[in-house]
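# Observations on the model geometry
Now for the letters of each chain:
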Amino acid sequence: MILYQSEVCTVALPLPLFLVVEDVGWWEGEDGSGHNEPYRNALSRRHCLADYQALVDLSERLSMRIAIAMVIGEWDRTNLLKDIAGATWMGRAWDNRRNQGPWLDQAAGYLRSCERNLELAVHGLCHEFWHNGKMLRAEFHDNDGYMRPREIVVNHLEAYAAILRQNGFLNFPRLFVPPALKHSFGNGEDSMQAVLKNFGITHVTTRFAKARQYSPPIHARITWECGVAILERGLSPVAWQQMAAVPETLPLNPVVALHWGNLLHADPDRNGEIIARWAARLLAEATGFRRMLAADVADCWRQAAVYYCARVRLEDRAVVIDLRGLPPLPSLNGPFSLKIREKRQRAWRCSGAEVVSCHTDQDRISTVRLQPLPGCLEISIDLL
């Protein structure tokens, strides 16, 4: 949003633009929902290492640590999921041998080596829940948004952590992306957020309209509960089952929610063609004053919190950003960005925050990263 505009200087607070790719982690490409198996990516082939390399390619093009919402069940090396109620369509007969092979070591090693490019997020074991052998939507909440019994949820998250450890990932993710957008909030210590926080999760993204709301969100686009910040995901720009998708108009949301198959080609050697057109679309969307590419999960959530919750006023020749309305969460403390274009040098100065970086693009628009000073609840951009 434009905060101030004159012949000398323009100051804007941009909405972040951040990519969350869902349903990463399957080895089977087939959508199994028609025969009691999970909703997978409807890919015409099995997944392979090249599909992870495509995500790193996109990360490099965007200079963004993309969040990949992982379904981890087909990474189970010891068939531990046979002991987890509701985790698979096979129940006690769970056998993952078809997906146990050298590709597991290759992909796990590759992802560990590319942590600066891709950040793992929890999306579930096998995305759905099986009751008496019948597939139900979804893993952590039922179709009406009621959380499954707490012990079931905890067991699934513990199994998720165990499979991560099997594959050499020692840290539990900080981001949760509800499978099938089945989620709930607003019921405090009885909430899903209370469970997630015990696992170290501090960030969630979902569609508020799809969630069961025991109480309304604190803000229409961002809310928080039990130390967890929940950000409105909005609509995905393309259908989840659309392989090699062509970029469409991107909704004006902080999160661009895609599914893995959207970014992949039937021929994995041609994945780069799909990645190139999505990178071009996202980079173009971030030009000008309206939007900016977020660096990672934390950067996106902080920028969105300031965009939605800060109050802005003009005082004489200053733009004052009042941060008192921001969510009182440690995960949302830290720097945020303005976009500024000067018609002459040194047209502004900042008080209440330190300028930690400044990058100027070809249109002479500078993305200025500000770190609020300790105890400062107002930041002033003084126009000289």
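Higher on the page you've got the structure.
Let me sum up the structure you'll find in this document. (Residues numbered from 1 in each chain as written. Predicted model: local features only at pLDDT ≥ 70, side-chain atom pairs only at ≥ 80, totals over all residues. Heavy atoms only, no water.)

Here we take up the overall build of the protein chain. Secondary structure assignment for the protein chain yields six helices and 22 strands. When burial is assessed residue by residue, the protein chain has 57% of its 384 residues classed as buried. Accessible area of the protein chain: about 15600 Å², with a carbon and sulfur share of 49%. With 43 positive and 43 negative side-chain charges, the protein chain shows a separation of 3 Å between the mean positions of the two kinds. (Helix = DSSP H or I, 4+ residues; strand = E, 2+ residues; numbered from the N terminus. Buried < 20%, exposed > 50% of the residue type's maximum accessible area, 1.4 Å probe, protein only. Areas by Shrake-Rupley, 256 points an atom, 1.4 Å probe, with all protein chains shown as cover. Lys, Arg positive; Asp, Glu negative; His and termini not counted. Charge placed at Lys NZ, Arg CZ, Asp CG, Glu CD.)

The subject of this paragraph is helix H3 (residues 150-166). An ideal rise of 1.5 Å per residue puts 24 Å on 17 residues; H3 measures up with 24 Å between its terminal C-alpha atoms. Those residues of H3 that sit buried are Ile-152, Val-153, His-156, Leu-157, Ala-159, Tyr-160, Ala-161, Ala-162, Ile-163 and Leu-164. Considering only its buried residues, H3 is in contact with strand S4 (66-71), strand S5 (118-124), strand S6 (129-131) and helix H4 (192-198). Note on H3: the residue one or two positions beyond its end, Gly-168, has a positive phi of about 90°. (Expected span 1.5 Å × (residues − 1). Contact = heavy atoms within 4.5 Å.)

Okay, the sheet that holds strand S1 (residues 2-5) next. What the five strands build is an open sheet, ordered S1-S2-S18-S21-S20; its pairing is antiparallel. The strands lining the two open edges of the sheet, one partner per strand, are S1 and strand S20 (353-360). Along the sheet, successive strands turn relative to each other by an average axial angle of 20°, direction set aside. Sheet topology note: the strand S18 (residues 336-342)/strand S21 (residues 366-372) ladder contains five bridges and is antiparallel. In the strand pairing of S21, Ile-340 is matched with Ser-366. (Pairing = 2+ DSSP bridges. Axes fitted to C-alpha atoms, helices over the stretch in contact; angles between N-to-C directions.)

A few words now on the environment of His-183. Of note, His-183 is situated in the loop between strand S8 (175-176) and strand S9 (184-185). As a C-alpha pair, His-183 and Glu-248 span 65 residues in sequence and 27 Å in three-dimensional space. In this view, His-183 contacts His-141, Gly-145, Phe-176, Pro-178, Met-192, Gln-193, Val-204, Thr-206, Ala-211 and Arg-212; residues no more than four positions away in its chain are not counted.

In a beta sheet, neighbouring strands pair by backbone hydrogen bonds and run either parallel or antiparallel. Here four strands make up an open sheet; going across it, the order is S16-S17-S22-S19 and the pairing antiparallel. The sheet terminates laterally at strand S16 (311-315) and strand S19 (348-351), the two strands that pair on one side only. Each neighbouring strand pair of the sheet contributes to a mean axis angle of 20°, computed without reference to strand direction. Judged from the five bridges that link them, strand S17 (residues 318-322) and strand S22 (residues 378-383) form a sheet pairing that is antiparallel. Bridge pairing links Ala-318 to Asp-382 in S22.

This brings us to the environment of Ile-218. Tracing the backbone through its elements, the reader meets Ile-218 in the loop between strand S11 (212-213) and strand S12 (222-225). Along the sequence, Ile-218 and Cys-309 sit 91 residues apart, while their C-alpha atoms lie 9.9 Å from each other.

Inspection of the entire model under this criterion finds 13 aromatic pairs. Aromatic side chains Tyr-307 and Tyr-308 sit 5.5 Å apart centroid to centroid with 85° between the ring planes, which places their arrangement in the edge-to-face category. For Tyr-307, a relative accessible area of 18% puts it in the buried group. The class of Tyr-308 is buried, set by a relative accessible area of 15%. Clustering of aromatic rings is evident, with ring pairs tying together Trp-27, Tyr-52, Trp-75, Phe-169 and Trp-260. (Phe/Tyr/Trp six-rings, centres within 6.5 Å; stacked < 30°, edge-to-face > 60°.)

Remark: helix H1 (residues 49-62) packs on helix H2 (residues 102-113), axes separated minimally by 10 Å, with the N-to-C direction vectors making an angle of 10°. Relative to H2, the element H1 is oriented roughly parallel. Relative to H2, the crossing made by H1 is right-handed. Contacts from Leu-49, Tyr-52, Gln-53 and Val-56 of H1 reach H2 at Gln-106, Ala-107, Tyr-110 and Leu-111. Taken together, the residues of the contact of H1 with H2 break down into six nonpolar, two polar and no charged. (Parallel < 35°, antiparallel > 145°, perpendicular 65-115°, else oblique. Left-handed = near helix turned anticlockwise from the far one by under 90°. Nonpolar A, V, L, I, M, F, W, Y, C, P; charged D, E, K, R; others polar.)

Where H1 contacts helix H5 (residues 271-285), the axes come no closer than 9 Å and their chain directions differ by 30°. As summarised for this structure, H1 and H5 are arranged roughly parallel, according to the angle between their axes. The element H1 and its partner H5 pack so that their crossing is right-handed. On the side of H1, the interface is formed by Ala-50, Asp-51, Ala-54, Asp-57, Leu-58, Arg-61 and Leu-62, while H5 contributes Asn-271, Gly-272, Ile-275, Ala-276, Ala-279, Leu-282 and Leu-283.

Where charged atoms from two side chains of opposite charge come close, those side chains can pair. The full count for this structure, using the stated rule, is 27 salt bridges. Two residues, Arg-92 and Asp-83, come together in a salt bridge whose shortest N-O distance is 2.3 Å. In this structure, a network of salt bridges that share partners links the residues Arg-311, Arg-313, Glu-315, Asp-322, Arg-324 and Glu-378. (Salt bridge = Lys/Arg side-chain N within 4 Å of Asp/Glu carboxyl O.)

Before going further, it helps to spend a moment on the side chain of Thr-10. Here Thr-10 lies in strand S2 (residues 9-12). Given the relative accessible area of 7%, Thr-10 is considered buried. What Thr-10 contacts, discounting residues up to four positions off in sequence, is Ile-2, Tyr-4, Gln-5, Phe-289, Lys-339, Ile-340 and Arg-341.

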